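Residue strings, one per chain:
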Amino acid sequence: MKGKLLTRAGLVSLVLSLSVTAGAAFAEREANPKNLVPLRAYAEQLGGKVKWDHGTRTATIYRLGHSYSVTIGKDQAVVDGTVRSIIAPISEDGTTYVSLQFLQDALGTTAGWNSQNGVILDKEDITDKAIIFTQQAFGNPSALPNLALSDNLKSALSADVLSKEITALTGQLGAYKGIESAATDSNSVHQNVTLNVTFERTSLPVTIRFKSEGEIDDIFFNTTGAEAPYSKPGYDKPETYTEKDVVIGQGTWALPGTLTLPAGSSKGPFPVLILVQGSGPNDRDESLGALKPFRDLAVGLASKGIAVLRYEKRTREYPHQYAANPSATIKEEALDDALAAVDLMSGTEGIDSKSIYILGHSQGGFMMPRLLQADTSHRIAGSVIMSGPGGNFFDLLIEQFNYLAGLHQMPQATLDLYKTQFALLNSKDFDPAHPPKDFILPKWWVDLRGYEPAEMAKTQSGRMLVLQGQRDYQVPAAQLDIWKNALKNRSDVVYKLYPKLNHFYSEGDGALSTPSEYWKPGNVPEYVIDDITKWIQTR
């Protein structure tokens, strides 16, 4: 299961939405017919950095990977090395004034300017909002000004939460330096702006999520950092499948997803496999480093006649709203959304409602017996456990953490802390209602006390396929034996062990894999997809 660099909550940012009356804007234009604005104040509010050359009287703006130079009294500017004609800048009282229209064109912004209030944001320009949001967050993290936040995010946010998160972030990565780039995209739930934010020691992507009304609905700090280049598998043949955006659930926790359907003359109904991720704030592809195992499974299975549904995890789409609930357990993190996905597939055209299967990877497999228990209508025809722990969760994590500490990828102090906390949880004297004063873990961990998936599955029924990689250091191959021993009296379970595969089902050599292996290009082998296909199609 993936580790986390920081708390689930991640970074919180702010947005400043400024406006002026029509009368004030008219007066501003009348007093300033050339619409000249203070270059430094305008550019810096929008995330730019300004360098002044006193000798040549030239100001250069650096913003989002571009540069723009203007010289006092000259009617030419240099934009990324190209000369452009402009209204000549002027200087008054040490301030350089430049045409607003030039700055808007050069900086790629729609923001206006008012001498009293500063930058005026176009409410539809989410990129400018996201940039000012981040500037304000790091500029004064201890205060919460008037924010354009959704009601749900307002209830999850406080100045104290913001201050602690900014302090944790800069403490680990160094002082905030600026914003390197910005990119926009949208899904079936949110419009998103992803900023590459730079610090003294590194840079990390920060995604700010907007509702259609332009309100900020959440912010995701990608603790795993930028991804490595992904290589599509050889079996990815676009002519064999189609994809469409879907929404899982509704209201507060609506999640964007992708339904991959077999193409060709047949219109179904198709059997469907719903994919449930492991721990951490995963995307729908379960991306890590250079790997996207859920995308591989989707395109591979769809080419063989099986539809696949995958979706963003709640802790990725709504990290702060989720973290605001101290009583949240694995049920709120993943189980409820998996059941919502089953609901969606039960009523989706082209899907065989009697052939809904579900695959849980890592933590997703770990929770599978609970999911099957919660499926009181028995809509799930069968389940696939992909490297899912079968025994005591806390013992498994100590084994994993010991391995990482041996690789010098986990501090000894962190390992010792978890050993102490897990020993308390494993103790028969532990009282969840009155935990020891030195117990610091949230309810999420307490909820798993005494839960052993393979033991719960003993009394359950329904077809099951249990997959395991021999080189997996996160969920070692011994966990497969736990499943086999516990379910030895069940005749509806099939087991597969793959000698060359790691936790994310890419191939490698040697005994156990290491975390660095995830940054090497690789794909789920076609033989795994064939095994899943055969199991689903054998009724």
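Residues numbered from 1 in each chain as written. Predicted model: local features only at pLDDT ≥ 70, side-chain atom pairs only at ≥ 80, totals over all residues. Heavy atoms only, no water.

S.K.: Quick question: what am I supposed to make of the nonpolar core here?
M.R.: One recurring pattern in soluble globular proteins: nonpolar side chains tend to sit buried together. Formed by 69 residues in total, the largest nonpolar core has its most connected members in Ile274, Leu309, Tyr311, Ile358, Phe422, Leu425 and Trp445. For this core, the element with the most residues is helix 10 (residues 330–346), which contributes 9 residues. Once you skip the residues sitting within four places of it in the chain, Ile358 turns out to touch Leu273, Ile274, Val276, Ala338, Val342, Met368, Leu371, Ile380, Gly382, Ser383 and Val384. In this structure, Tyr241, Leu273, Leu297 and Val384 belong to the second largest nonpolar core, which totals 27 residues. (Core = buried A, V, L, I, M, F, W, Y, C linked by side-chain atoms within 4.5 Å. Buried < 20%, exposed > 50% of the residue type's maximum accessible area, 1.4 Å probe, protein only. Helix = DSSP H or I, 4+ residues; strand = E, 2+ residues; numbered from the N terminus. Contact = heavy atoms within 4.5 Å.)

S.K.: Which parts of the structure should I look at to understand the pairing of strand 14 (residues 216–221)?
M.R.: Looking along a regular strand, one sees the side chains alternate between the two faces of the sheet. With 6 of its 6 residues buried, strand 14 lies for the most part within the structure. Two elements, strand 13 (residues 203–210) and strand 14, share 5 bridges in a ladder whose sense is antiparallel. Within strand 14, the residue paired with Ile208 across the bridge is Ile219. Remark: 5 residues form the turn of the hairpin made by strand 13 and strand 14, two consecutive strands paired antiparallel; Gly214 in that turn has positive phi of roughly 90 degrees. (Pairing = 2+ DSSP bridges.)

S.K.: Would you mind going over helix 10 with me for this structure?
M.R.: Because each turn of an α-helix spans 3.6 residues, side chains separated by three or four positions end up pointing in the same direction. Helix length check: helix 10, at 17 residues, gives a terminal C-alpha distance of 23 Å against a target of 24 Å (1.5 Å per residue), a fit within 8%. All of the buried residues in helix 10 are Ile330, Glu333, Ala334, Leu335, Asp337, Ala338, Leu339, Ala340, Ala341, Val342 and Met345. (Expected span 1.5 Å × (residues − 1).)

S.K.: Is there a simple way to explain the packing of helix 13 (residues 393–406) against helix 14 (residues 412–426) in this structure?
M.R.: Relative placement of two packed helices is described by the angle separating their axes and the distance separating the axes. One way to put it is that helix 13 packs onto helix 14 with a least axis distance of 10 Å and a crossing angle of 170 degrees. Considered as vectors, helix 13 and helix 14 are oriented roughly antiparallel to each other. Of helix 14, the residues touching helix 13 (which contributes Phe394, Asp395, Leu397, Ile398, Phe401, Asn402 and Ala405) are Leu415, Tyr418, Lys419, Phe422, Leu425 and Asn426. Tallied by class, the residues present in the contact of helix 13 with helix 14 amount to 9 nonpolar, 2 polar and 2 charged. (Axes fitted to C-alpha atoms, helices over the stretch in contact; angles between N-to-C directions. Parallel < 35°, antiparallel > 145°, perpendicular 65-115°, else oblique. Nonpolar A, V, L, I, M, F, W, Y, C, P; charged D, E, K, R; others polar.)

S.K.: Please explain the confidence of the model for the protein chain as it appears in this structure.
M.R.: In low-pLDDT segments, the atomic positions of the prediction should not be examined closely. Of the residues in the protein chain, 92% reach a pLDDT of 70 or more, and the chain-wide mean stands at 90. Scored below 50 in pLDDT, residues 1–31 shows 92 contacts in the model against residues more than four places distant or in partner chains. (pLDDT = per-residue confidence, 0-100.)

S.K.: Honestly, the environment of Thr184 in this entry has me stumped. Any pointers?
M.R.: Locating Thr184 in the fold gives a position in strand 11 (residues 176–186). Here the alpha-carbon distance between Thr184 and Ile126, two residues 58 residues apart in the chain, equals 8.5 Å. Sequence-distant contacts of Thr184, that is, excluding residues within four places in its chain, are made with Thr127, Asn192 and Val193.

S.K.: How do you make sense of the packing of helix 7 (residues 293–302) against helix 18 (residues 526–537) when you look at a structure like this?
M.R.: Running from amino to carboxyl end, helix 7 crosses helix 18 at an angle of 55 degrees, the nearest separation of the two axes being 10 Å. It follows that helix 7 is oblique to helix 18 by the angle criterion. Helix 7 and helix 18 meet at a crossing whose hand is right-handed. In this structure, helix 7 contributes Asp296, Leu297, Gly300 and Leu301 to the contact, and helix 18 contributes Ile529, Ile532 and Thr533. Tallied by class, residues from the contact of helix 7 with helix 18 come to 4 nonpolar, 2 polar and 1 charged. (Left-handed = near helix turned anticlockwise from the far one by under 90°.)

S.K.: What's the story with the packing of aromatic side chains in this structure? I'm lost.
M.R.: By convention here, two paired aromatic rings are described through the distance between centres and the angle between planes. All chains considered together, the criterion is met by 23 aromatic pairs. Ring centres of Tyr418 and Trp445 lie 6.3 Å apart, and the angle between their planes is 50 degrees; on these two criteria the pair is classed as tilted. Within this pair, whereas Tyr418 is found in helix 14, its partner Trp445 is found in helix 15 (residues 443–446), the two being separated by 27 residues in sequence. For Tyr418, a relative accessible area of 22% gives the class partly exposed. Exposure remark for Trp445: the relative accessible area of 13% places this residue in the buried category. Taken together, Phe366, Phe393, Phe394, Phe401, Tyr418, Phe422, Trp444, Trp445 and Tyr451 form an aromatic cluster joined through their ring pairs. Taking NZ or CZ as reference, Arg370 lies 4.5 Å from the ring centre of Tyr451, over its face. (Phe/Tyr/Trp six-rings, centres within 6.5 Å; stacked < 30°, edge-to-face > 60°. Lys NZ or Arg CZ within 6 Å of the ring centre and 35° of its normal.)

S.K.: Where do I start with the side chain of Thr240 in this structure?
M.R.: Turning to its location among the elements, Thr240 is positioned in the loop between strand 14 and strand 15 (241–248). Polar side-chain contacts of Thr240 include one of 2.6 Å to the backbone oxygen of Lys237. Setting aside anything within four residues of it in sequence, one finds Thr240 in contact with Leu261, Pro262, Ala263, Ala302 and Ser303. (Polar contact = N/O pair within 3.5 Å; in protein donor to acceptor, adjacent residues only side chain to side chain.)

S.K.: Would you explain the sheet that holds strand 5 (residues 76–79) in this entry?
M.R.: Within a beta sheet, neighbouring strands are joined by backbone hydrogen bonds and run either parallel or antiparallel to one another. With antiparallel pairing, the 5 strands of this open sheet are ordered in space as 2-3-4-5-6. Single-partner strands in this sheet number two, and they are strand 2 (49–53) and strand 6 (82–85). Strand-to-strand twist of the sheet, defined as the mean angle between neighbouring strand axes without regard to direction, takes the value 20 degrees. Bridging between strand 3 (residues 58–63) and strand 4 (residues 66–71) involves 6 bridges; their strand directions are antiparallel. Looking at strand 4, one finds that Thr58 is bridged to Thr71.

S.K.: Help me understand the pattern of salt bridges in this model?
M.R.: Pairing between side chains of opposite charge can happen when the charged atoms of each approach one another. Considering all chains together, one arrives at 20 salt bridges under this definition. A salt bridge links Glu44 to Arg40, with the nearest nitrogen and oxygen atoms 3.2 Å apart. Residue Glu44 and its partner Arg40 are both found in helix 2 (residues 39–45); the two are separated by 4 residues, about one turn of the helix. Glu44 sits in the partly exposed class, given a relative accessible area of 34%. Across the pair Asp236 and Arg295 runs a salt bridge whose closest N-O atoms are separated by 3.0 Å. (Salt bridge = Lys/Arg side-chain N within 4 Å of Asp/Glu carboxyl O.)

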